[in-house]
Amino acid sequence: MDLPGLTVIFQAALSPNPDERKAAEQSLSQFQYAPQHLVRSLQIIVDINCDMAVRQVASIHFKNFIAKHWSPHEPDEHRPILKTDKDMVRDHILVFVAQVPPLLRVQLGECLKTIVHADYPEQWPHLLDWVKHYLQDQQVYGALFVLRILARKYEFKSDEERTPVYRIVEETFPHLLNIFNRLVQIVNPSLEVADLIKLICKIFWSSIYLEIPKQLFDPNVFNAWMILFLNVLERPVPIEGQPVDPETRKSWGWWKVKKWTVHILNRLYTRFGDLKLQNPENKAFAQMFQKNYAGKILECHLNLLNVIRAGGYLPDRVTNLILQYLSNSVSKNSMYHLLQPRLELLLFEIVFPLMCFNDNDQKLWDEDPHEYVRKGYDIIEDLYSPRTASMDFVSELVRKRGKDNLQKFIQFIVEIFKRYDESPVEYKPYRQKDGALLAIGALCDKLKQTEPYKAELERMLVQHVFPEFSSPVGHLRAKAAWVAGQYAHINFSDPDNFRKALHSVVSGLRDPELPVRVDSVFALRSFVEACRDLNEIRPILPQLLDEFFKLMNEVENEDLVFTLETIVDKFGEEMAPYALGLCQNLASAFWRCMNSAEADDEGDDPGALAAVGCLRAISTILESVSRLPHLFIQIEPTLLPIMRKMLTTDGQEVFEEVLEIVSYMTFYSPTISMDMWTLWPLMMDALANWAIDFFPNILVPLDNYISRGTGHFLACKDPDYQQSLWNMISSVMADRNLEDSDIEPAPKLIEVVFQNCKGQVDHWVEPYLRITVERLRRTEKSYLKCLLIQVIANALYYNVGLTLSILQKLGIATEIFSLWFQMLQQVKKSGLLANFKREHDKKVCCLGLTSLLGLPADQLPEEALGRVFKAALDLLVKYKDQIAEAEKEEEAEDDDEMDGFQTDDEDDEVDGSEEMGVDAEDGDEADSIRFQKLAAQAKAFRPHDSDDDDSDDDYSDDEELQSPIDEVDPFIFFVDMVKAMQMSNPMRFQNLTQTLDFHYQALANGVAQHAEQRRAAIEKEKVEKASATPAS
């Protein structure tokens, strides 16, 4: 299509008539792949005679097309852009990017980013030469703009991926330094100068973000840059031209330059100027930075902060960054020495006022309380907030330099409390009191540990915090709730004080002001955790939950849901009467949050976080009523729509949480309903298409379906669940693109089928054995090898004759048993087995091997019988030792719990690393519940890329899954099998015992004795259970 025709189509895309717009969009879709289309679109974008709205539509179309098709994500993407068109776009976009108005430059900048990321340096080797050439031109904006995009490509790249940066810095930094120098010397510079300096700063930032380029290790070169940065830092921002509107003002060019300068100096200081953080080769740089620049920067920063004291303007982000620099300086002796003469003025006249409630807070509180709440609980806002940075500075100061400063600061706070108490109502310093309460809350950890303050905390709360629950000023009521929550865990000498505070916080849930209600909910969580007598809360629980859900209808806030989870956790089964209502309210809140998240389209949307929180809270409720199966029938209709919708691609963000709910519903319901069975195909579809990473999570509900709905799983033919399972498992196990660790749940599922469907799936034994052996031959990871061998063991236990005949028919019996015995003999230095590490693994192998002992002589010759018998004996002994070790661990843990909890951070850390099996080689066979849970938690965070002996293979969160073999005692099974052999073929038995040496005869006697002890213990348990039943 020619240029005028394309212009007409872009014009039509702006039409108020929807039909014309649709026709224009269809035409663009039709012609977009035609040769020269991209080039013509670019011509329209840069044509100054063309209508601006048309140029803008063309620029958006151009950007979207390039984003999608320049470097397609799908390798087989059809209709690629012609090489000639790409060359022409690359050649011309560089020139035009500087010439077009800012509105269009944004779109062309995005295009350039896509092209640079895809093509530089391989397909666009001359780009750097172009940049270098135009940096020496009078009009440098275009070259700087492109260089910024180029440098940003490598901002977060490390190691060899970062190599191109070295050449970029080498070729361009000398020119950048000259330009920067020239710009700084301009008298009365324009806003355009600020834009150029800002681009230079951003290029420098991207180039030094991860490491200092070697050119800057030259002291003269680095000094030249630092002189310029310090010049920009010290120089006052021009008064003339500053916008009045605060939002526009902080984005004004010269303030942006100031922000980027402070940002760069902070980065240099914290990442490269700290002697403790440096590797040896960078130590000299750190020493040079500390000696020559750190102090000068500190001086400049303090002068800048003085502007605030004098009532001047400093953007929040700049203030925040400067305070971060000061916080980092507190622990360094030389810097603290420089800070000390000005510390009191800084602390009491700059930092503390920043902590106080201010005009902007009041405006937001009155005009948009929802936004006030969002900002208060948003982590991203914290990064930019002067208040958060002030709290951090005070905390760091009393933590690192408490001897000099804590008493002084607390005296200052006490003076404010005193002044507040003595002032008449109309003159009370409400805002200063707010700042003082914030400070007391922020120093909570320090004050709880430090005498004499530690002993005075309760009195301080009663005297200065609790009275503000009834303050006429909303923000003080909110702050009182927040501070009370911070101190809820202290030991109150008068329980009445705790009770009053708790009831005041609960009353806060009904406060007319939204922020007070939200802060009260947040504080309530701490009070519920700290509450020793639940009778304090029990009578008001229904009203409490009502207030909760009213609030959840108003705001989407993760912390609300956390508090609810805490209440549910604390009251456990007592939540039963409320369980249905809670789930219904949480389900409604979930849908609202999902809708707002979709509408917002932001990755960090609070609605999306709150949605996850709602599902987590539902799981907590289901867990709390897990011993009341009838409730699950009532709750199911409420949760079914969530499960149905969120097990599709719509639920990728919450998939893990939804699967947890499906697991609870399929495990604790009295039976699995037909409605719940409709979720099976959704999980299979997800696994086949996109959810392989969630295979371990999907394993749990699939196990429940097969083990608790065995009859339906076997009988139903539409859909055919057995066939569907086979299709999925065979596809996963045959997929050569999947790592060993990706498919671990597949053999576990085959085990579930064999164990639960004994005698009913004979026709599946051969296909499953076939794919297991095929996968075993190319498996590298020892854990997966163990799981695949266990499929063989399970098949033998399922039907030993059938399984052995299949292995022999396939000609693989000798190969499989050789590998199995070899793996059983591999031991670590500690003497523990290198394979089959879990109790469950050993038990499955024992049952499989023992099953072979029942075969007649023509199927299992005497030599093989002896080998199997010895292997089973060895394994039973290891199994017995492991159980004993686990019981010892559990007893030790119980003793630990009786001794109270550790509070020392360092002890916790050491303890944690040992429990994870980092240092404790011998601990990896201990099967205590503590290990299972730790491993389950750690599993989600550990990569599956090592085949180390103590990797995450050692323990698995499926240890706690129930299985039909739980009721089978392997010792009794072994002894009974041997007795049966003795009865049916005494000669065979005699030959076997005669070939055993003394060691194995002793082992066999020991196992026989243990089996009889186990038999007696099991009988005793049964009798006790039977006699206890009527009493219950």
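Residues numbered from 1 in each chain as written. Predicted model: local features only at pLDDT ≥ 70, side-chain atom pairs only at ≥ 80, totals over all residues. Heavy atoms only, no water.

**Section: the overall build of the protein**
In terms of helices and strands, the protein carries 51 helices and 0 strands. Considered along the principal axes of its C-alpha atoms, the protein spans approximately 110 × 80 × 65 Å. Per-residue burial over the protein gives 51% buried out of 1032 residues. Of the contacts made within the protein by residues no fewer than 6 positions apart, 75% connect residues no fewer than 24 positions apart. For the protein, the accessible area works out to roughly 48,900 Å², and carbon and sulfur atoms hold 51% of it. For the protein, the separation between the mean place of its 107 positive charges and that of its 161 negative charges on side chains is 5 Å. (Helix = DSSP H or I, 4+ residues; strand = E, 2+ residues; numbered from the N terminus. Buried < 20%, exposed > 50% of the residue type's maximum accessible area, 1.4 Å probe, protein only. Contact = heavy atoms within 4.5 Å. Areas by Shrake-Rupley, 256 points an atom, 1.4 Å probe, with all protein chains shown as cover. Lys, Arg positive; Asp, Glu negative; His and termini not counted. Charge placed at Lys NZ, Arg CZ, Asp CG, Glu CD.)

**Remarks on unusual backbone geometry**
Peptide bonds are, in most cases, trans, and in most cases residues other than glycine have a negative phi. In the segment running from Y120 into P121, the intervening peptide bond is cis, with an omega of 0°. Here P121 lies in the loop between α6 (102–119) and α7 (127–135). Along the chain, E451 connects to P452 via a cis peptide bond; the corresponding omega equals 0°. Looking at where P452 falls in the secondary structure, it is placed in the loop between α24 (444–449) and α25 (453–465). Of note in this structure, Q36 is not a glycine but carries a positive phi near 75°. With respect to the helices and strands, the residue Q36 is situated in the loop between α2 (18–31) and α3 (37–46). The class of Q36 is partly exposed, set by a relative accessible area of 31%.

**Here's the deal with the state of the cysteines**
Tallying each qualifying case throughout the model produces 0 disulfides. Here C531 is not disulfide-linked; the sulfur of C444 is the nearest cysteine sulfur, at 18 Å. No disulfide involves C757; its sulfur sits 14 Å from that of C716, the nearest cysteine. (Disulfide = S-S within 2.5 Å.)

**A short note on a negative patch on the surface**
A cluster of like negative charges, contributed by D569, E623, E656 and E660, occupies part of the molecular surface. Along the polypeptide, D569 turns up in helix α30 (residues 558–571). Among the residues examined, D569 registers a relative accessible area of 61% and is labelled exposed. (Patch = residues over 30% accessible without salt bridge, like charges linked within 9 Å, V, L, I, M, F, W, Y side chains within 5 Å. Salt bridge = Lys/Arg side-chain N within 4 Å of Asp/Glu carboxyl O.)

**Observations regarding a nonpolar patch on the surface**
Together, I380, L383 and Y384 make up a nonpolar patch on the protein surface, roughly 270 Å² of accessible area in all. Topologically, L383 is positioned in helix α20 (residues 379–384).

**Remarks on helix α13 (residues 253–272)**
Between the first and last C-alpha of α13 there are 28 Å, a value that for 20 residues agrees with the 28 Å anticipated at 1.5 Å per step. Burial within α13 is extensive, with 17 of its 20 residues counted as buried. (Expected span 1.5 Å × (residues − 1).)

**Observations concerning the nonpolar core**
Counting 341 residues, the largest nonpolar core has L268 and L725 as its most contacted members. With sequence-adjacent residues up to four places away left out, L725 is seen in contact with W680, M684, I706, F713, L749, V753 and Y768. (Core = buried A, V, L, I, M, F, W, Y, C linked by side-chain atoms within 4.5 Å.)

**Some remarks on the environment of N328**
Assignment of secondary structure puts N328 in helix α15 (residues 316–329). The exposure class assigned to N328 is partly exposed, which follows from its relative accessible area of 32%. Along the sequence, N328 and K157 sit 171 residues apart, while their C-alpha atoms lie 26 Å from each other. In contact with N328, not counting residues within four places along its chain, are Y269 and T270.

**Looking at the packing of helix α42 (residues 782–798) against helix α44 (residues 813–825)**
Direction vectors running N to C along α42 and α44 enclose 120°, while the axes themselves pass 11 Å from each other. Considering their axes alone, α42 and α44 lie oblique with respect to each other. With respect to the hand of their crossing, α42 and α44 are arranged in left-handed fashion. For the pair formed by α42 and α44, the contact residues are S782, K785, C786, I789, I792, A793 and L796 on the first element and I816, F817, L819, W820 and M823 on the second. Each residue belonging to the contact of α42 with α44 can be placed in one class, and the counts come to 10 nonpolar, 1 polar and 1 charged. (Axes fitted to C-alpha atoms, helices over the stretch in contact; angles between N-to-C directions. Parallel < 35°, antiparallel > 145°, perpendicular 65-115°, else oblique. Left-handed = near helix turned anticlockwise from the far one by under 90°. Nonpolar A, V, L, I, M, F, W, Y, C, P; charged D, E, K, R; others polar.)

**Side note on the packing of helix α17 (residues 343–355) against helix α21 (residues 386–400)**
For the pair α17 and α21, the least separation of the axes is 8 Å and the interaxial angle reads 140°. One element, α17, and the other, α21, form an angle in the oblique class. Relative to α21, the crossing made by α17 is left-handed. Here L343, L346, L347, V351, L354 and M355 of α17 lie close against α21, whose contacting residues are P386, R387, S390, M391, F393, V394 and L397. When grouped by side-chain class, the residues that make up the contact of α17 with α21 number 11 nonpolar, 1 polar and 1 charged.

**As for the confidence of the model for the protein**
Per-residue confidence for the protein gives a mean pLDDT of 88, with 91% of residues at or over 70. Counted against residues more than four places away or in other chains, residues 900–959, with its pLDDT under 50, gives 95 contacts. (pLDDT = per-residue confidence, 0-100.)

**Some points on the pattern of salt bridges**
Throughout the structure, instances matching the rule amount to 48 salt bridges. In this structure, the salt-bridge partner of R90 is D119, at a minimum N-O distance of 2.4 Å. Remark: D119 occurs in helix α6 and R90 occurs in helix α5 (residues 83–96); sequence separation between them is 29 residues. Across the pair, D119 and R90 agree in class, each one buried. When the shortest N-O distance is used, the salt bridge between K645 and D650 registers 2.8 Å. For K645, a relative accessible area of 37% translates into the label partly exposed. Taking relative accessible area as the criterion, D650 reaches 42% and is therefore assigned partly exposed.

**As for the side chain of E547**
Inspection of the secondary structure assignment puts E547 in helix α29 (residues 541–554). If we skip the residues at most four places from it in the chain, E547 touches L509 and R510.

**Quick notes on the packing of aromatic side chains**
Applying the stated rule across the entire model yields 57 aromatic pairs. Centre to centre, the rings of Y420 and Y430 are 5.8 Å apart; their planes meet at 75°, and the pair counts as edge-to-face. With Y420 in helix α22 (residues 402–422) and Y430 in helix α23 (residues 430–442), this residue pair connects regions lying 10 residues apart in the sequence. One exposure class covers both Y420 and Y430, and it is buried. (Phe/Tyr/Trp six-rings, centres within 6.5 Å; stacked < 30°, edge-to-face > 60°.)

**Observations regarding helix α33 (residues 629–646)**
For α33, spanning 18 residues, the distance from its first C-alpha to its last is 24 Å, which sits close to the expected 26 Å at 1.5 Å a residue. In the structure, α33 departs most strongly from a straight axis at E636, where the bend amounts to approximately 50° and where the proline P637 lies between one and four residues downstream. Within the span of α33, buried status applies to L631, F632, I635, E636, T638, L639, L640, I642, M643 and M646. (Bend = angle between axes of the 7 residues up to and from the residue.)

**Focus: the environment of H475**
Among the secondary structure elements, H475 is positioned in helix α26 (residues 474–486). The class for H475 is buried, based on a relative accessible area of 4%. In this structure the C-alpha to C-alpha distance between H475 and V516, which are 41 residues apart in sequence, comes to 7.2 Å. If we skip the residues at most four places from it in the chain, H475 touches F357, Q362, W365, Y430, R431 and D434.

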